[in-house]
Amino acid sequence: MSGYGQTADRLTVKEQRSFMKTIVRKIRQDTEVFDEQEQEALRLAGSIIRGGGLVAFPTETVYGLGGDALNPASSKKIYAAKGRPSDNPLIVHTADMDALEKIVRRIPESAVRLADAFWPGPLTMIFEKSDAVPRETTGGLDTVAVRMPSHPAARELIRQAGGYVAAPSANLSGKPSPTEAGYVIQDMDGRIEMIIDGGDVKIGLESTIVDLTSRTPIILRPGYVTAQMLAAVLGDVEEDRTIMRDDTGQAPKAPGMKYRHYAPRGDLTIVDGAQENVVDYINTQVGLARKQNKKTGVIGTDTSISEYSADVCKSVGSRADENTIARELYRVLRGFDDEQVEVIYAESFDTDGFGQAIMNRLLKAAGHKVIHV
Ligand code: TXA
Ligand code: MG
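Residues numbered from 1 in each chain as written. Chains lettered and ligands numbered in written order. Predicted model: local features only at pLDDT ≥ 70, side-chain atom pairs only at ≥ 80, totals over all residues. Heavy atoms only, no water.

Any chance you could explain the overall build of the protein chain here in plain terms?
Helix and strand content of the protein chain: 12 helices and 16 strands. Taken over the C-alpha trace, the protein chain has a radius of gyration of 21 Å; the compact-globule value for 373 residues is 21 Å, and the two agree within 12%. Overall size of the protein chain, expressed as C-alpha extent along the three principal axes, is 60 × 55 × 40 Å. Expressed as a percentage of the 373 residues in the protein chain, the buried residues total 57%. Nonlocal contacts in the protein chain, meaning residues at least 24 apart in sequence, comprise 68% of its contacts between residues at least 6 apart. Split by element, the accessible area of the protein chain, about 15,700 Å² in all, is 47% carbon and sulfur. Each charge class in the protein chain was averaged separately, 45 positive and 52 negative side chains, and the resulting centres sit 6 Å apart. (Helix = DSSP H or I, 4+ residues; strand = E, 2+ residues; numbered from the N terminus. Rg over C-alpha atoms; globule rule 2.2 N^0.38 Å. Buried < 20%, exposed > 50% of the residue type's maximum accessible area, 1.4 Å probe, protein only. Contact = heavy atoms within 4.5 Å. Areas by Shrake-Rupley, 256 points an atom, 1.4 Å probe, with all protein chains shown as cover. Lys, Arg positive; Asp, Glu negative; His and termini not counted. Charge placed at Lys NZ, Arg CZ, Asp CG, Glu CD.)

Just to check I follow, could you spell out helix α7 (residues 152–160) for this structure?
Along an α-helix, a turn takes 3.6 residues, which lines up residues three or four apart on a common side. Within the span of α7, buried status applies to Ala-153, Ala-154, Arg-155, Leu-157 and Ile-158. Buried residues along α7 sit against α3 (36–50), β2 (55–57), β4 (91–93), β7 (165–166) and β8 (194–197). With its phi angle positive at about 105°, Gly-162 sits one or two positions after the end of α7.

In this structure, what is going on with the nonpolar core? I would like to understand it.
A general feature of soluble globular proteins is that nonpolar side chains tend to end up buried together. In terms of nonpolar packing, the biggest core is built from 46 residues, with Leu-114, Leu-123, Met-125 and Phe-127 touching the most fellow members. Apart from the residues within four sequence positions on either side, Met-125 is in contact with Ala-111, Leu-114, Ala-115, Trp-119, Val-144, Ala-145, Val-146, Val-210 and Leu-212. Within the second largest apolar cluster, 35 residues are counted, among which are Leu-268, Ile-299, Val-316 and Ala-326. (Core = buried A, V, L, I, M, F, W, Y, C linked by side-chain atoms within 4.5 Å.)

Even after reading the chapter, I still don't get the domain arrangement of the protein chain, so can you show me in this structure?
When the parts of a complex come together, some accessible area is lost, and that lost area is often used as the size of the interface. The assigned domain composition of the protein chain is domain 1 (2–239) and domain 2 (267–372). When each unit is reduced to the centre of its C-alpha atoms, the spacing between domain 1 and domain 2 is 29 Å. In this assembly, 25 residues from domain 1 lie in contact with 16 residues from domain 2. Where domain 1 packs against domain 2, one counts four salt bridges. We note a salt bridge from Arg-361 to Glu-206, for which the minimum N-O separation is 2.8 Å. For the side of domain 1 that touches domain 2, the leading source of residues is helix α8 (residues 181–188), giving three residues. (Domains from an automatic or database assignment. Salt bridge = Lys/Arg side-chain N within 4 Å of Asp/Glu carboxyl O.)

I keep staring at the sheet that holds β2 and nothing clicks. Help me out?
Pairing between the strands of a sheet comes from backbone hydrogen bonds, and it takes one of two forms, parallel or antiparallel. Pairing within the open sheet is mixed, and its 11 strands lie in the order β1-β8-β2-β3-β7-β4-β6-β5-β9-β10-β11. Where the open sheet ends on each side, the last strands, each with one partner, are β1 (23–26) and β11 (238–239). Sheet topology note: the β1/β8 ladder contains four bridges and is parallel. Its bridge partner being in β8, Val-24 is matched across the sheet by Ile-195. (Pairing = 2+ DSSP bridges.)

Explain the packing of aromatic side chains to me, please; I cannot follow it from the model alone.
The geometry of an aromatic ring pair is captured by two quantities: the separation of the ring centres and the angle between the planes. Inspection of the entire model under this criterion finds one aromatic pair. Measuring from centroid to centroid gives 5.1 Å for Tyr-224 and Phe-354, while their planes differ by 80°, and the two rings are edge-to-face. Residue Tyr-224 is found in the loop between β10 (218–221) and α9 (227–234), and its partner Phe-354 is found in the loop between β15 (343–347) and α12 (355–365); the two are separated by 130 residues along the sequence. By relative accessible area, which is 6% here, Phe-354 ends up buried. The ring of Phe-336 is capped by Lys-314, whose NZ or CZ atom sits 5.7 Å from the centre of that ring. (Phe/Tyr/Trp six-rings, centres within 6.5 Å; stacked < 30°, edge-to-face > 60°. Lys NZ or Arg CZ within 6 Å of the ring centre and 35° of its normal.)

What is the right way to read the side chain of Ser-177 from this model?
With respect to the helices and strands, Ser-177 occurs in the loop between β7 and α8. In this structure the side chain of Ser-177 is engaged in a polar contact, spanning 3.4 Å, whose partner is the side chain of Ser-169. A polar side-chain atom of Ser-177 sits 2.5 Å from a polar atom in the side chain of Glu-206. Excluding residues that lie within four positions of it along the chain, Ser-177 makes contacts with Val-62, Ser-169, Asn-171, Glu-206, Tyr-262 and Tyr-330. (Polar contact = N/O pair within 3.5 Å; in protein donor to acceptor, adjacent residues only side chain to side chain.)

Just checking my understanding: could you explain the site of ligand 1 for this structure?
The immediate surroundings of ligand 1 are formed by 29 residues, with Thr-61, Asn-88, His-93, Ser-207 and Gly-256 found nearest. Between ligand 1 and the protein, one listed contact pairs an oxygen atom with a side-chain N or O atom of Thr-61 at 2.7 Å. Between Arg-221 and ligand 1, the recorded distance is 2.9 Å, taken from a side-chain N or O atom to an oxygen atom. With the chains in place, 98% of the 690 Å² that ligand 1 exposes on its own is no longer accessible. Of all the secondary-structure elements, those providing two or more residues to the shell around ligand 1 are β4, β6 (143–147) and β10. Considering every element that reaches the shell around ligand 1, the biggest residue donor is β6, with four residues. Among the residues making up the shell around ligand 1, the classes are represented as 16 nonpolar, eight polar and five charged. (Near = heavy atom within 4 Å. Nonpolar A, V, L, I, M, F, W, Y, C, P; charged D, E, K, R; others polar.)

How should the sheet that holds strand β13 (residues 296–300) be read in this particular structure?
Pairing in this open sheet of five strands is parallel, and the strands run β14-β13-β15-β12-β16 from one edge to the other. For this open sheet the edge positions go to β14 (312–315) and β16 (370–372), each flanked by a neighbour on one side alone. Neighbour-to-neighbour, the strand axes of this sheet turn through a mean angle of 20°, independent of strand direction. Docked against the sheet, α12 engages β12 (267–272), β15 and β16, running at close to 135° with respect to β12. (Axes fitted to C-alpha atoms, helices over the stretch in contact; angles between N-to-C directions.)

When you look at the environment of Ile-185 in this model, what are you seeing that I'm missing?
As for its placement among the helices and strands, Ile-185 is situated in helix α8. Residues Ile-185 and Ile-195 lie 10 residues apart in sequence; the distance between their C-alpha atoms is 7.5 Å.

Got a minute to help me understand the environment of Ala-56 in this structure?
Here Ala-56 lies in strand β2. The class for Ala-56 is buried, based on a relative accessible area of 0%. For the pair formed by Ala-56 and Val-184, sequence separation is 128 residues and the distance between their alpha carbons is 7.5 Å. For Ala-56, the residues in contact, after removing those within four places along its chain, are Gly-64, Leu-65, Ala-170, Val-184, Ile-192, Met-194, Ile-195 and Ile-196.

So, in structure tokens, the structure goes:
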């Protein structure tokens, strides 16, 4: 965790002038019933958001950076705090179904069925927006992304904040989404009014995004709610072709997916093939990089990690346990930055079910650099 001084050093002169003291308050991880201190913290957070300020908070997927979704000035502040391009729309977080009516033009029947099945939870749906939602929040689009998170503290914060919280992931633009409060503090200390520390998140990858404004619902970003789970409710569902490839010649339909995101500072390559070949190839490359005095890293699994000779070898868990891999991935990527690793090789993972979300994020972190051995 960085101290205030250290963070201030990294800011430009103009930013340092607006450097603020960020309040950090803890909420117990698995609580549904808040004690008095926690209630007070959530009330304070709500009043900060209602007053036009920003609060980072835990959700079941990743930490969010919240502001009042119906206040254009708040959305502008979110973009500034993240260093995010303002054509990249924000997700509006709500706490109940009634809240939906005010912000969307129409609620398709498919949305009602999806909400029944997956809300509250890690699913974001895209609707045509109503006039209540400012274009500053939707990056200039006529559509709005809405999610009802299941995390109790997130839900209570949304209620306290007036019902509509715009929240991108609480990282600086281009960095992996934060899965624990320490990373939020690293990125946002001095830039926002408050951080709610709710410990480690449960899922570790951002929500599934499904667009309901086209004739057939289309998945724009894979997540914990898989294509199979959506198809079971909707019957028909398509996938944005750019999810797993960068050679389609198309722009992703979710504007945020076009940016090189989730990226570690080191140069990351995915190596795909039979386990033995992968280990041989990576160890050879690591040897070559060493000769150039580069610090090397490997992303492997519990069974393979001891076979690698890189300077920093990190396991994302057991290959059979996708939930753990998802929860560890961003922590591992950020860890390489903390240790100033310059060249990173990663094993490849299954692309089925929840694995698709894991590979989608890893591919984006690697700028789609994959070697088949
Ligand atoms: O799990 C999550 O969704 C987390 C937590 C905090 O809820 N939030 C999150 O937000 O990942 P963010 O801003 O990092 O990613 C939102 C993605 C971006 O790729 C953005 O382009 C897309 O959603 N998006 C938002 N509104 C959209 C819209 N109207 N049409 C298409 N894509 C949209
Ligand atoms: Mg993000």
